[in-house]
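Residue-level structural notes
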Amino acid sequence: MRVFLNPGHALGGNPDPGCVNSRYHLRECDLAITYGSLCGKYLEAAGLEVKLLQSHNLYGEAPGYPCVVDAANRWPADLFLSIHVNAGGGRGAETYCYNFGGSGEKLAHCIQRQLVESLAPIDGGYADRGVKAHPSFCVLRNTTMPAVLVETGFIDSDDIGLLTQHGDEIARALARGVTDYEQQQ
Ligand SMILES: [Zn+2]
């Protein structure tokens, strides 16, 4: 199985670091590439093929920046996983698919379940915010394979303990979510 990993926002934070926590000098782009890189290693160790491309494009592809949708569609990937960190109030994980009823939703549940089962035992405040449909994300709308976008936690909440100290658990959970999905095929 070919897995396309897309850590969110721009490599190095330019032009788009994603959400930030300036008090703790945390940026979404750095956390996302950390989880994505580790996740890719675990997936390769499990025998899957992996491509990883960080990109700031969520609502449309912009000229001059990596086009993750095109790259995934051309490969072609069997599965697409965009990795993000949330902000703006709340705690825990939520995973988006294009719409309900398809393979994307199945993949989203696999990812969501693994994240919650891995992290909630470490920090009981880490909430299961569920699987949601989000048809306006271009990485979900324009990809031709099952695609999800995962928000691994909130950068402006007590989730930062998990986000900064347990990145390896996050990466392993994402990888297990993918292999859980693969085994259902
Ligand atoms: Zn993001």
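See the structure printed just above.
In this report, the structure presented in the accompanying data block is examined.

At 2.0 to 2.1 Å from the zinc ion lie its protein donor atoms, namely His-9 (NE2), Glu-28 (OE) and His-84 (ND1). Taken in sequence order, the residues that donate to the zinc ion follow the motif H-x18-E-x55-H. Residue His-9 is located in the loop between strand S1 (2–7) and strand S2 (20–21), and its partner His-84 is located in strand S5 (residues 79–86); the two are separated by 75 residues in the primary sequence. No difference in accessibility class separates His-9 from His-84, as the two residues are buried.

With that settled, the discussion passes to the packing of aromatic side chains. Taken as a whole and assessed by the stated rule, the structure comprises 2 aromatic pairs. Between Phe-4 and Phe-80, the aromatic rings sit 5.5 Å apart at their centres with planes inclined by 5°, giving stacked as the arrangement. Here Phe-80 lies in strand S5 and Phe-4 lies in strand S1, a separation of 76 residues in the sequence. Comparing Phe-4 with Phe-80 shows no difference in burial state: the two are buried.

Core analysis: the largest hydrophobic core is formed by 38 residues, its most contacted members being Tyr-35, Leu-43, Leu-81, Ile-111, Leu-115, Leu-174 and Val-178. Every element with two or more residues in this core is listed here: S1, helix H1 (28–45), S5, strand S6 (93–97), helix H3 (103–119), strand S8 (147–154), helix H5 (160–165) and helix H6 (167–184). Excluding its chain neighbours within four sequence positions, the residues that come into contact with Leu-115 are Ala-93, Ala-120, Tyr-126, Val-150, Thr-152, Ile-170, Ala-173 and Leu-174. Counting residues in hydrophobic clusters, the runner-up holds 15 residues, among them Phe-4, Val-69, Ala-77 and Leu-149.

Spatial strand order, S4-S1-S5-S8-S6-S7: 6 strands in an open sheet with mixed pairing. Single-partner strands in this sheet number two, and they are strand S4 (49–52) and strand S7 (128–133). Each neighbouring strand pair of the sheet contributes to a mean axis angle of 20°, computed without reference to strand direction. With respect to the sheet, H3 is in contact with S5, S6, S7 and S8, its orientation differing from that of S6 by roughly 170°. Taken strand by strand, H6 contacts S1, S5 and S8, and its axis lies near 150° from that of S5.

Procedures and definitions
All residue numbers refer to position in the chain's written sequence, counted from 1. In keeping with the predicted nature of the model, local features appear solely for residues at pLDDT of at least 70, side-chain atom pairs appear and are counted solely at 80 or more, and the whole-chain, interface and lining totals rest on all residues. Water and hydrogen atoms were dropped before computing side-chain values, which therefore reflect all heavy atoms in the structure. Here a donor is an N, O or S atom found within 2.8 Å of the metal, or within 3.2 Å if the metal is Na, K or Ca; sites may look incomplete because water is not among the atoms. Only DSSP runs of H or I covering at least 4 residues are called helices, and only runs of E covering at least 2 are called strands; the numbering of each starts at the N terminus. Each residue is placed in one exposure class: buried if its accessible area under a 1.4 Å probe, protein chains only, is under 20% of its type's maximum, exposed if it is over 50%, and partly exposed if it falls in between. What counts as a ring pair is set by centres within 6.5 Å for rings of Phe, Tyr and Trp (its six-membered ring), and what kind of pair is set by the plane angle: stacked under 30 degrees, edge-to-face over 60, tilted for all other angles. Here, the term nonpolar core denotes a set of buried Ala, Val, Leu, Ile, Met, Phe, Trp, Tyr and Cys residues that are joined through side-chain atoms within 4.5 Å. Residue contacts follow a heavy-atom distance rule, with two residues in contact if any of their heavy atoms lie within 4.5 Å. Pairing between strands is defined by DSSP: at least two bridges between the two strands are required. Here an angle of 0 to 180 degrees is reported between the N-to-C directions of two axes, which are lines fitted to C-alpha atoms, with helices fitted over the stretch in contact.

Fair warning: the whole summary comes from geometry, so function is off the table for now.
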